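# Observations on the model geometry
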Amino acid sequence: MFSFSPGKREQRRCRLESTLLLSLPAFLLWGAGLSAFLPVFLGLAAIVGGWLFPFFLALFTFRVENAELSWQKGLFFVRCGRLDLSQVCALSFFQTPLQKKWGLGLFCLHTPTQTVRLPFVPLSCVQALRALCPEK
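About the thresholds
- Residues numbered from 1 in each chain as written.
- Predicted model: local features only at pLDDT ≥ 70, side-chain atom pairs only at ≥ 80, totals over all residues.
- Heavy atoms only, no water.
- Pairing = 2+ DSSP bridges.
- Helix = DSSP H or I, 4+ residues; strand = E, 2+ residues; numbered from the N terminus.
- Axes fitted to C-alpha atoms, helices over the stretch in contact; angles between N-to-C directions.
- Buried < 20%, exposed > 50% of the residue type's maximum accessible area, 1.4 Å probe, protein only.
- Core = buried A, V, L, I, M, F, W, Y, C linked by side-chain atoms within 4.5 Å.
- Phe/Tyr/Trp six-rings, centres within 6.5 Å; stacked < 30°, edge-to-face > 60°.
- Contact = heavy atoms within 4.5 Å.

Below, the discussion takes up the sheet that holds strand S7 (residues 115–122). Strand-to-strand pairing in sheets goes through backbone hydrogen bonds, with the strands running parallel or antiparallel. Taken in spatial order, the three strands line up as S5-S6-S7 in an open sheet, and their pairing is antiparallel. Of all the strands in the sheet, just strand S5 (90–94) and S7 have a single pairing partner and so form its edges. Neighbouring strand axes in the sheet, compared pairwise and without regard to direction, differ in orientation by 20° on average. Pairing between S5 and strand S6 (residues 104–110): five bridges, direction antiparallel. Looking at S6, one finds that Ala90 is bridged to His110.

Spelled out as C-alpha cells, the structure:
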C-alpha cells in the first residue's frame with residue numbers, strides 16, 4: 001500500500017515548467033513585431049502558470065491498496081475513481097526535459113474503457129505501480 005500527493009517541491013517545479021511553457025507565445029509575438037502585447041502575455045503566463053496549475057496539482061492525490069488504484073482530483077468538480085490494476089492493458093510514461101531532470105513524469109494507465117493520467121509522479125511511484133500491474 002502506498003499513496004502519493006504532490007508536495008511543495010513538485011508544486012514549485014510545476015510552477016516553473018508551466019510558466020516557461022506558457023511564456024513561449026509571448027516571445028513568438030515579440031519576434032513577429034507585436035512587442036506591445038509582450039507584457040500582457042507574460043503576465044498571463046505568470047498568473048496561469050505560477051498560480052493556477054500548481055493550485056490544481058495540489059488537489060490531486062492517489063492511493064494504491066490491495067491491487068486497486070483510487071484517485072481524486074479537482075476543486076469545484078471533484079472527480080474520484082477506482083481502478084483494479086488487473087484490468088490495465090498498457091502503461092505509458094511521458095517526461096518533459098525538465099521533468100526528466102527532476103525525476104518526475106506523467107504516468108498513464110490504459111484500460112479497455114478509460115485512460116487514467118497521473119501527473120507529476122516520481123519515478124519511485126512509477127516503478128512500484130509497474131510492479132503491481134500484470135504484463136499483457
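Here the narrative resumes.
A few words now on the pairing of S6. For S6, a buried count of five out of seven residues is recorded, marking the element as mostly surrounded by other parts of the structure. Both S6 and S7 contribute to a ladder of six bridges, which runs antiparallel. Among the inter-strand pairings, His110 is bridged to a residue of S7, identified as Thr115.

Our focus in this paragraph is the nonpolar core. In this structure, Phe62, Leu69, Leu85, Leu109 and Leu118 are the most contacted members of the largest nonpolar core, which totals 17 residues. Of all the secondary structure elements, the ones that give two or more residues to this core are strand S2 (61–65), strand S3 (68–73), S6, S7 and helix H5 (123–132).

Applying the stated criterion across every chain yields a total of one aromatic pair. Look at Phe93 and Phe107: their rings are 6.4 Å apart centre to centre, the planes differ by 55°, and that puts the pair in the tilted class. Taken as a pair, Phe93 in strand S5 and Phe107 in strand S6 lie far apart in primary sequence, 14 residues in all. By relative accessible area, Phe93 is classed as partly exposed at 21%. On the accessibility criterion, Phe107 (0% relative accessible area) is buried.

Looking now at unusual backbone geometry. Residue Asn66 is not a glycine yet carries a positive backbone phi of 55°. Within the secondary structure, Asn66 is located in the loop between S2 and S3. Despite not being glycine, Phe120 has its phi angle at roughly 50°, a positive value. Among the structural elements, Phe120 can be located in strand S7.

Looking now at the environment of Thr96. By the secondary structure assignment, Thr96 is in the loop between S5 and helix H4 (97–102). Classification of Thr96 as partly exposed rests on a relative accessible area of 29%.

So, on to the environment of Ser18. Tracing the backbone shows Ser18 in helix H1 (residues 8–22). The class of Ser18 is buried, set by a relative accessible area of 7%. Once the C-alpha coordinates of Ser18 and Ala45 are considered, the two residues, 27 residues apart in sequence, prove to be 8.0 Å apart.

What follows deals with the side chain of Gln99. In this structure, Gln99 sits in helix H4. On the accessibility criterion, Gln99 (7% relative accessible area) is buried. With sequence-adjacent residues up to four places away left out, Gln99 is seen in contact with Glu17, Phe94, Leu104, Gly105, Leu106 and Phe120.

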